[in-house]
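Results of the structural survey
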Amino acid sequence: MSIFKIRGGKKLKGEITPQGAKNEALQILSAVLLSPEPITIHNIPDIVDVNKLIELIGDLGCKVERLGNGSCRFTSNNINTAFLETDEYRKKAAALRGSVMLLGPILARFGKASLPKPGGDKIGRRRLDTHFLGFQKLGAKFNFDASEHLFHIDASELRGCYMLLDEASVTGTANIVMAAVLAKGTTTIYNAACEPYLQQLCLMLNRMGAKIGGVGSNLLTIEGVGKLGGTEHTMLPDMIEIGSFIGLAAMTQSEITIKNCRIDMLGIIPDIFRRLGIKLEFRGDDIYIPSQERYEIETFIDGSILTVADSPWPGFTPDLISIVLVVATQAKGTVLIHQKMFESRLFFVDKLIDMGAQIILCDPHRANVIGLDRKQALKGIKMSSPDIRAGVALLIAALSAPGTSEISNIEQIDRGYQNIEGRLRAIGADIERVGGN
Ligand SMILES: CC(=O)N[C@H]1[C@@H](OP(=O)(O)OP(=O)(O)OC[C@H]2O[C@@H](n3ccc(=O)[nH]c3=O)[C@H](O)[C@@H]2O)O[C@H](CO)[C@@H](O)[C@@H]1O
Ligand SMILES: C=C(OP(=O)(O)O)C(=O)O
């Protein structure tokens, strides 16, 4: 098991390019199973979760041709659904969250699918009701084998219908869309999630011949088609990485340019960081963050303390809440961080408190951060990364903290950040991976 050893307290400087979006990649790679024709995908991030999903798709019989430079061609003309019955499939699919999105395409094309309880971050309850209720509305039958932790779904024929989702689940919406594109008749999904990941998925499916209307809204209309063809698709830059780099620049008082951000797809993200007092400049499609000695958290218009809370898109993504929290520890002012969606994502604040941050964890969902305003630096310590985004928040804290920090359990960070130590070293960070591989 390797760890990151970080000697912090240094200002960084330079340009950094975000990788392709992890959560988009997991949807797009699942969708390649929907067509027997070749589909070429570009800007695929080289990260653990994505590589595991590519391996799974290959195990299922999809021909995977690595074209180099983050591009791959997938041809799913010889899918072996018997692999779904193997222990190997169960073991591999249980290792990541994204595997849940294999269900929609497999069900659409082959009428039968199964899945172990998928993995992903341990950040509280992560139910899958939306997925299965949606499949059920389309005519599938499912049962959960509690002894084996296995979901079985059967559908000889999927039929379009109207459905109101119980919540705007990101992977749930993607799964139902992928099941509905090949169903008979028209499906209308209300309360659909509409993250850029989903917009990208729908646009790709339409290029393959699907008929999806309402893309980008919470009302999707899908006219089922008989078959889908091949296409090419390029992943967006990862908006969570972009937010992480903005936070990193602010915490370490660094001058950083984040290249090719697709600013038009970032929604409210830049505004939230600006409300923390961070100066951002849009230069074409790059985001320039000047070195800032201090930054001051705004209040609400009436003078009351700012709250930063997550909500489904176009609200603020829950995946950046941990980053906002860490950035606030060195701001001037106070902010209430409200992580509404997940129950166990804020416990990492204990580690920040050990580093000297002033935080009151009010309950599992809310933390009050009283910024230190640089009067005192955080101090380097040994810590373990509990989940992917808390891991990167701790990494940012460590890079800002004079002295040496060690972060263990960095497999969590590797799930979603490509060669993070190499890219940070290129802008001047003193970070090394020690032990393991
Ligand atoms: C592989 C992948 O793409 N993972 C992302 C995906 O996970 P995932 O698709 O698993 O997350 P969901 O959107 O289903 O739900 C996330 C959490 O929010 C709650 N919820 C959801 C919708 C809603 O309207 N109200 C509500 O309370 C759910 O109960 C759950 O606890 O979306 C999450 C929410 O953006 C992100 O954190 C994950 O990084
Ligand atoms: C929670 C996340 O990932 P996953 O859904 O794969 O666990 C995340 O990307 O922040």
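Above this text sits the structure in question.
Read on for an overview of the structure. Predicted, not measured: the structure shown is a model, and the values here were computed from it.

**Points about the packing of aromatic side chains**
Per the counting criterion, the structure on display carries 5 aromatic pairs. Put simply, the rings of F132, F135, F142, F144 and F151 pair up and form one aromatic cluster. The aromatic ring of F282 is capped on one face by R274, whose charged end is 4.8 Å from the ring centroid. In this arrangement the basic side chain of R283 is found over the ring face of Y288, its NZ or CZ atom lying 3.8 Å from the centre.

**Describing unusual backbone geometry**
Residue P314 is bonded to the preceding W313 through a cis peptide linkage, with omega at 15 degrees. As for its placement among the helices and strands, P314 is situated in the loop between β17 (306-309) and α10 (321-328). Of note in this structure, N43 is not a glycine but carries a positive phi near 65 degrees. With respect to the element layout, N43 can be found in the loop between β3 (39-42) and α2 (48-59).

**Let's talk about the site of ligand 1**
The environment of ligand 1 is made up of 16 residues, and the closest members are E167, S169, V170, T171 and D319. In the model, an oxygen atom of ligand 1 is placed 2.6 Å from a nitrogen or oxygen of the D319 side chain. The backbone of M341 places a nitrogen or oxygen atom 3.1 Å from an oxygen atom of ligand 1. Coverage of ligand 1 by the protein amounts to 85% of the 740 Å² it exposes when considered alone. Where the shell around ligand 1 is concerned, the elements lending two or more residues are α1 (22-31) and α6 (170-180). A per-class count over the shell around ligand 1 returns 7 nonpolar, 3 polar and 6 charged. When residues of the shell around ligand 1 are assigned to domains, at least three map to each of domain 1 (3-19 + 237-434) and domain 2 (22-234).

**Considering the environment of I287**
Tracing the backbone shows I287 in strand β16 (residues 286-289). Along the chain, I287 and Q418 lie 131 residues apart, while their C-alpha atoms are 20 Å from each other. If we ignore the near neighbours within four places in the chain, the residues touching I287 are I242, I246, I256, T257, I258, C261, I263, L266, L280, E281 and F282.

**Topic: the packing of α6 against helix α7 (residues 196-207)**
Viewed as axis vectors pointing N to C, α6 and α7 meet at an angle of 10 degrees, and their least axial separation amounts to 10 Å. Compared by their axis directions, α6 and α7 come out roughly parallel. Counting all contacts with α6, which are made through V170, T173, A174, V177 and M178, the residues of α7 involved are Y197, L198, L201, C202 and L205. Grouping the constituent residues of the contact of α6 with α7 by class yields 9 nonpolar, 1 polar and no charged.

Here is what the cut-offs are and how they apply
- Residues numbered from 1 in each chain as written.
- Chains lettered and ligands numbered in written order.
- Predicted model: local features only at pLDDT ≥ 70, side-chain atom pairs only at ≥ 80, totals over all residues.
- Heavy atoms only, no water.
- Phe/Tyr/Trp six-rings, centres within 6.5 Å; stacked < 30°, edge-to-face > 60°.
- Lys NZ or Arg CZ within 6 Å of the ring centre and 35° of its normal.
- Helix = DSSP H or I, 4+ residues; strand = E, 2+ residues; numbered from the N terminus.
- Near = heavy atom within 4 Å.
- Polar contact = N/O pair within 3.5 Å; in protein donor to acceptor, adjacent residues only side chain to side chain.
- Areas by Shrake-Rupley, 256 points an atom, 1.4 Å probe, with all protein chains shown as cover.
- Nonpolar A, V, L, I, M, F, W, Y, C, P; charged D, E, K, R; others polar.
- Domains from an automatic or database assignment.
- Contact = heavy atoms within 4.5 Å.
- Axes fitted to C-alpha atoms, helices over the stretch in contact; angles between N-to-C directions.
- Parallel < 35°, antiparallel > 145°, perpendicular 65-115°, else oblique.

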